[in-house]
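The chain contents come next:
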Amino acid sequence: MLLAVAAGMYAVYHGPGGLTDIADRVHRTAVVLANGLRRQGIPVLTTTFFDTFQVRVEGAAHDVVSRAAASGINLRLVDADTVAIACDETTSRADVLTVWQAFGVEATDERLDRVDDATPELADASWRTSTFLTHPVFHAYRSETSMLRYLRTLSDKDVALDRSMIPLGSCTMKLNATTEMEPISWPEFADIHPFAPIEQAAGYLALIRQLESWLADVTGYDAVSLQPNAGSQGELAGLLAINAFHAANGDVGRNVCLIPASAHGTNAASAAMAGQRVVVVACDDAGNIDLGDLRAKLDLHAAKLAAIMITYPSTHGVFESTVAEVCAAVHDAGGQVYVDGANLNALVGLARPGRFGADVSHLNLHKTFCIPHGGGGPGVGPVAVRAHLAPFLPNHPLAAEAGPATGPGPVAGAPFGSAGVLPIPWAYIRLMGLDGLTRATQVAILSANYLARRLAASYPVLYTGRGGLVAHECIIDLRAITKESGVTVDDVAKRLIDYGFHAPTMSFPVAGTLMIEPTESEGLDELDRFVDAMVSIRAEIAKVASGEWSREDNPLHNAPHTAESIAGAWDRGYSRDLAAYPLASVRKAKYWPPVSRIDGAYGDRNLVCSCPAPSAYES
Ligand SMILES: *Cc1c(COP(=O)(O)O)cnc(C)c1O
């Protein structure tokens, strides 16, 4: 469902020839439309254009735009004398006639044919002459059958949620139910332009207002903006609101943002983008905010304190019992409290940040509220605030309904952000109801604690809170194990692939550890299957530690094992069977990784072009 993937597949299917044909047709349609208007003495103001041009209609622009709207076409009102028109590949002959009629141009189909040989109006320098999309993938799939099979081969390479749990801590990879997903492809939701006149979007606006009020209810805040496209953008919006609040109070010079050492990287980045100065607060040995250090930093920076950004439950996966005390101390020093709401899957229905001392939070609808994510979006990161910050929520210069007139401006291009995917969280909340949401939170916490208890026999659990319990995720500590055996978190993550599992989060927020979040979507059988894999891996590690397997020749170091490596020459100190089927249960549904171990960090540090060399195209 990722927008970038959809766009990429569009290019794969059409290829350079198809895209050029589409562009030619779009341009020709625009030229035909413009010529028809010119013939009636309506001046076209844009001298060279591709798909969009402006025309002058002395004093009649309002009439033209509303006549077009009455026949189902939106033109853009530039000013009282000017109308802008844009065509695309869906613009039909009938559409061209309708637009002409809106301008009072008496037109027939026949007339459309006469101007069809229109000469292009694109500036000479704008024509592309170089080749593009030269990779074979853009030339191979031209029928629905072959495209379908190509997509299937790609999905076969993936360990996705349709194959196993994705235990990525901090990411809340939960079920994206088909019932929730289906409506976003309905034309009623999918085919509306973000800048369509608001009166044409009454249904969307109702959905947006309902969702805002439900989220306010769930979080205990007073106002919500759905505009931010990611949690990190919600952070920026929240910090801009805090800046504006201090400024409105005449409280100038408050620019210090306190951030605990355990925080997610986006917190500090957002503070820097909001023009604040980051001051890090230490964590104690138990992973909690060090209250002594907090008080010292508050004393030092009180006059300049803008805010603290904390995460609750913390990124250590613990409900810090001092959270109310932290909020109060920051308020006493004149600062605002930002609670990062990415871990809301541990709170919904149980506790409300807006009522335990926070002033503002972002939520991640692509984590807690079921929008699929991974690979870069589309996310929705609403920012939720208490009443005193509500006047400073994002707004939009082209859509009054998008936010308060007193707001600091937009944080995203579209007035309501990724509105196209909002039916997903709407449906999730509507289907679950408050009781269902609360139950989901309870099950998510129970599942994490079940995993923590069962795994603790094999791997130490790094941080726990009151009663030895974790929140909705747990961190297992491999550092001592690595020291003793040489087996690293990477080795465990790669070996899990042989067992058919996606890796947990590696080395965040603590290097050398794995963070595991099961969510409420996984049943007991899947949790047990995961524990069985982890316990079996622990036994494998023991064989490396004892010297039974060498540090270089063992199934962990060589993981993951591709079918090709199993089928090829075999001179390893363990069997092929053990490499591919380490547990009997793996035989039921074996996942074969398409590649064996690669140097992941190398790829991050060096740009690697995977296109064929130019010589491959020589005829
Ligand atoms: C995911 C996450 C974020 C950032 O959210 P994005 O939607 O990825 O921008 C911030 N804080 C925490 C704790 C997170 O887990």
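Residues numbered from 1 in each chain as written. Predicted model: local features only at pLDDT ≥ 70, side-chain atom pairs only at ≥ 80, totals over all residues. Heavy atoms only, no water.

Here we come to the site of the ligand. Near the ligand lie 13 residues; those nearest to it are Ser170, Gly231, Asp340, His366 and Lys367. Taking Ser232, its side chain carries an N or O atom lying 2.8 Å from an oxygen atom of the ligand. Between the ligand and Asn364 there is a distance of 3.0 Å, counted from an oxygen atom to a side-chain nitrogen or oxygen. The element contributing the most residues to the shell around the ligand is helix α9 (residues 231–248), with three residues. The class makeup of the residues in the shell around the ligand is two nonpolar, eight polar and three charged. (Near = heavy atom within 4 Å. Polar contact = N/O pair within 3.5 Å; in protein donor to acceptor, adjacent residues only side chain to side chain. Helix = DSSP H or I, 4+ residues; strand = E, 2+ residues; numbered from the N terminus. Nonpolar A, V, L, I, M, F, W, Y, C, P; charged D, E, K, R; others polar.)

Turning to the sheet that holds strand β3 (residues 82–86), a few remarks are in order. As summarised here, the arrangement of the three strands in space is β1-β3-β2, forming an open sheet in which the pairing is antiparallel. At either margin of the open sheet sits one strand with a lone partner, and together these are β1 (52–56) and β2 (76–79). Taken over all neighbouring pairs, the strand axes of this sheet differ in orientation by 30° on average, direction set aside. As paired elements, β2 and β3 share three bridges and run antiparallel to each other. Each residue of the ladder has a partner; that of Leu77, found in β3, is Val83. Along the sheet face, helix α1 (residues 3–39) touches β1 and β3 and points at about 5° away from the line of β1. Contacts between helix α2 (residues 61–70) and the sheet are confined to β2 and β3, with β2 contributing the most and set at about 175° to the helix. (Pairing = 2+ DSSP bridges. Axes fitted to C-alpha atoms, helices over the stretch in contact; angles between N-to-C directions. Contact = heavy atoms within 4.5 Å.)

With that settled, the discussion passes to the side chain of Thr441. With respect to the helices, strands and loops of the structure, Thr441 is situated in helix α13 (residues 423–456). Overall, the relative accessible area of 2% leaves Thr441 in the buried class. A polar contact of 3.0 Å, which involves the side chain of Thr441, links it to the backbone oxygen of Leu437. Not counting residues up to four positions away in its chain, the partners in contact with Thr441 are Asn345, Ala346, Leu347, Val348 and Leu350. (Buried < 20%, exposed > 50% of the residue type's maximum accessible area, 1.4 Å probe, protein only.)

What follows is about the sheet that holds strand β13 (residues 513–516). Two pairing modes exist for strands in a sheet, parallel and antiparallel, and in both the strands are linked by backbone hydrogen bonds. Judged by pairing direction, the sheet is antiparallel, and its three strands sit side by side in the order β11-β13-β12 without closing on themselves. Each having just a single partner strand, β11 (474–477) and β12 (505–506) make up the two edges of the open sheet. Bridge analysis of β11 against β13 gives four bridges, and the strand direction is antiparallel. Bridge assignment links Ile475 to a residue of β13, and that residue is Met515.

Glancing now at the packing of aromatic side chains. Tallied over the full model, the rule gives 12 aromatic pairs. Considering the side-chain rings of Trp186 and Phe189, the 6.3 Å spacing of their centres and the 20° angle between planes classify their relative orientation as stacked. Assessed through its relative accessible area of 43%, Trp186 is described here as partly exposed. Taken together through their ring pairs, the aromatic side chains of Trp186, Phe189 and Tyr204 make up a single cluster. (Phe/Tyr/Trp six-rings, centres within 6.5 Å; stacked < 30°, edge-to-face > 60°.)

The extent of an interface is frequently quoted as the accessible surface area lost upon association of the parts. Taken domain by domain, the protein chain holds domain 1 (2–126), domain 2 (205–426) and domain 3 (439–603). Centre-to-centre, using C-alpha coordinates, domain 2 lies 34 Å away from domain 3. Counting residues at the interface gives 20 residues for domain 2 and 20 residues for domain 3. Each partner contributes to the roughly 1,400 Å² buried at the junction of domain 2 and domain 3, and carbon and sulfur atoms together form 62% of this total. Its largest share of buried area at the contact with domain 3, domain 2 owes to His316, Gly317 and Asn345, together 37% of the area lost on that side. Remark: the boundary between domain 2 and domain 3 carries zero salt bridges. Applying the counting criterion to the domain 2 and domain 3 interface returns four residue pairs in polar contact (both at pLDDT 80 or more). Looking at side-chain class alone, the side of domain 2 that touches domain 3 contains nine nonpolar, 10 polar and one charged residues. (Domains from an automatic or database assignment. Buried area = accessible area lost by both parts, 1.4 Å probe. Salt bridge = Lys/Arg side-chain N within 4 Å of Asp/Glu carboxyl O.)

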